[in-house]
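Given next are the chains, with one letter for each unit.
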Amino acid sequence: GSWAGAFGFFQFMPSTIKNYAIDYNNDRSIDLKNSDDAFASAANYLKKIGWKKNSPCFYKIKLNDQIPSKFLNSSARKLKNKKKINYFKKFIDTDLSSFNKNLKVAIITPDKDIVENPDILNPAYIVFENYEIVLQWNRSLRFALAVCTLKDEIKNEL
């Protein structure tokens with residue numbers, strides 16, 4: 001467990017355990033330190049809070065220096081200034097043609113409070129609805145990027 005009361009591989013809080021944890025291996029016990037139950041519970045949690053299977057989570061981009069700073073999110077508290085991806089095209093030097101131009105996205109950049117002497121435009125990512133779903137679990141930009149990176153490696157197998 002943690003100082004805040006979270007438990008298991010994925011640090012579920014007690015209310016999350018109660019509402020979303022499952023006995024995946026059917027041994028009549030939910031054991032969040034057992035990979036079968038832990039991964040299945042994490043997948044169940046994400047699904048129940050709105051995860052969209054086969055939908056994007058984030059995409060690394062290269063920003064040009066014309067982007068107004070009001071569009072740059074360096075905190076996970078609340079993503080601000082979400083716009084349709086088409087709106088941001090003029091500020092992004094990355095091909096976005098594979099994405100629906102009407103998807104609403106936000107842009108995230110390095111957290112200046114954590115990254116020493118960051119280039120405020122690099123790295124940068126556009127983030128989608130699934131990214132915000134992960135932020136409901138843990139309000140950390142890095143946590144959400146890590147989960148979304150794993151999602152791309154697992155390919156929605158859970």
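Remember, predicted model here, so these are calculated numbers, not experimental data.

**Focus: the overall build of the protein**
Looking only at helices and strands, one finds five helices and five strands in the protein. Along the chain direction, N to C, the helices and strands of the protein fall in the order α-α-β-β-β-α-β-β-α-α. Taking the principal axes of the C-alpha coordinates as reference, the protein spans close to 55 × 35 × 20 Å. Here the contacts in the protein between residues at least 6 apart in sequence split such that 58% fall between residues at least 24 apart. Carbon together with sulfur atoms contributes 49% to the accessible area of the protein, which is approximately 9800 Å² in total. A distance of 10 Å separates the average location of the 25 positive side-chain charges in the protein from that of its 17 negative side-chain charges.

**As for the nonpolar core**
Inside soluble globular proteins, nonpolar side chains tend to come together where they are buried. Core analysis: the largest hydrophobic core is formed by 26 residues, its most contacted members being Leu46, Phe58, Leu79, Ile108, Val127, Tyr131 and Val134. Listing elements by their share of this core, those giving two or more residues are α2 (35–48), β4 (104–108), β5 (124–127), α4 (129–137) and α5 (141–154). Not counting residues up to four positions away in its chain, the partners in contact with isoleucine 108 are Asn73, Leu79, Pro123, Ala124, Tyr125, Val127, Tyr131, Leu141 and Leu145. One finds Leu63, Leu72, Phe91 and Leu96 within the second-largest nonpolar core, a separate group that totals 17 residues.

**What about the environment of asparagine 26?**
For asparagine 26, the position within the fold is in the loop between α1 (14–20) and α2. A C-alpha to C-alpha distance of 9.0 Å links asparagine 26 and aspartate 37, two positions 11 residues apart in sequence.

**What about the side chain of asparagine 64?**
Relative to the elements of secondary structure, asparagine 64 occurs in the loop between β1 (58–61) and β2 (72–73). A polar contact is formed between the side chain of asparagine 64 and the backbone oxygen of lysine 90, at a distance of 2.9 Å. For asparagine 64, the contacting residues outside a window of four places in its chain are Lys90, Phe91, Ile92, Asp93 and Leu121.

**Things to note about the state of the cysteines**
Linking two cysteines covalently through their sulfur atoms gives a disulfide. Counting across every chain of the model gives one disulfide. The disulfide that involves cysteine 57 links it to cysteine 148, with 1.7 Å between the sulfurs. Of this pair, cysteine 57 sits in the loop between α2 and β1 while cysteine 148 is found in helix α5, placing the two residues 91 residues apart along the sequence. Classification of cysteine 57 as buried rests on a relative accessible area of 2%.

**Describing the packing of α4 against α5**
Packing of α4 against α5 leaves a shortest axis separation of 9 Å and a crossing angle of 125°. Judged by the angle between their axes, α4 and α5 are oblique. Between α4 and α5 lies a crossing whose hand is right-handed. Here α4 contributes Tyr131, Val134, Leu135 and Trp137 to the contact with α5, which in turn contributes Leu141, Phe143, Ala144, Leu145, Val147 and Cys148. In terms of residue class, the contact of α4 with α5 is built from 10 nonpolar, no polar and no charged.

**Brief notes about the environment of serine 140**
Turning to its location among the elements, serine 140 is positioned in the loop between α4 and α5. For the pair serine 140 and arginine 77, spaced 63 residues apart in sequence, the C-alpha to C-alpha distance is 8.1 Å. Ignoring any residue separated from it by four or fewer positions in sequence, one finds serine 140 in contact with Ala76 and Leu135. Engagement of the side chain of serine 140 in a polar contact is seen with the backbone nitrogen of phenylalanine 143, the distance being 3.1 Å.

The rules behind the values
Residues numbered from 1 in each chain as written. Predicted model: local features only at pLDDT ≥ 70, side-chain atom pairs only at ≥ 80, totals over all residues. Heavy atoms only, no water. Helix = DSSP H or I, 4+ residues; strand = E, 2+ residues; numbered from the N terminus. Contact = heavy atoms within 4.5 Å. Areas by Shrake-Rupley, 256 points an atom, 1.4 Å probe, with all protein chains shown as cover. Lys, Arg positive; Asp, Glu negative; His and termini not counted. Charge placed at Lys NZ, Arg CZ, Asp CG, Glu CD. Core = buried A, V, L, I, M, F, W, Y, C linked by side-chain atoms within 4.5 Å. Buried < 20%, exposed > 50% of the residue type's maximum accessible area, 1.4 Å probe, protein only. Polar contact = N/O pair within 3.5 Å; in protein donor to acceptor, adjacent residues only side chain to side chain. Disulfide = S-S within 2.5 Å. Axes fitted to C-alpha atoms, helices over the stretch in contact; angles between N-to-C directions. Parallel < 35°, antiparallel > 145°, perpendicular 65-115°, else oblique. Left-handed = near helix turned anticlockwise from the far one by under 90°. Nonpolar A, V, L, I, M, F, W, Y, C, P; charged D, E, K, R; others polar.

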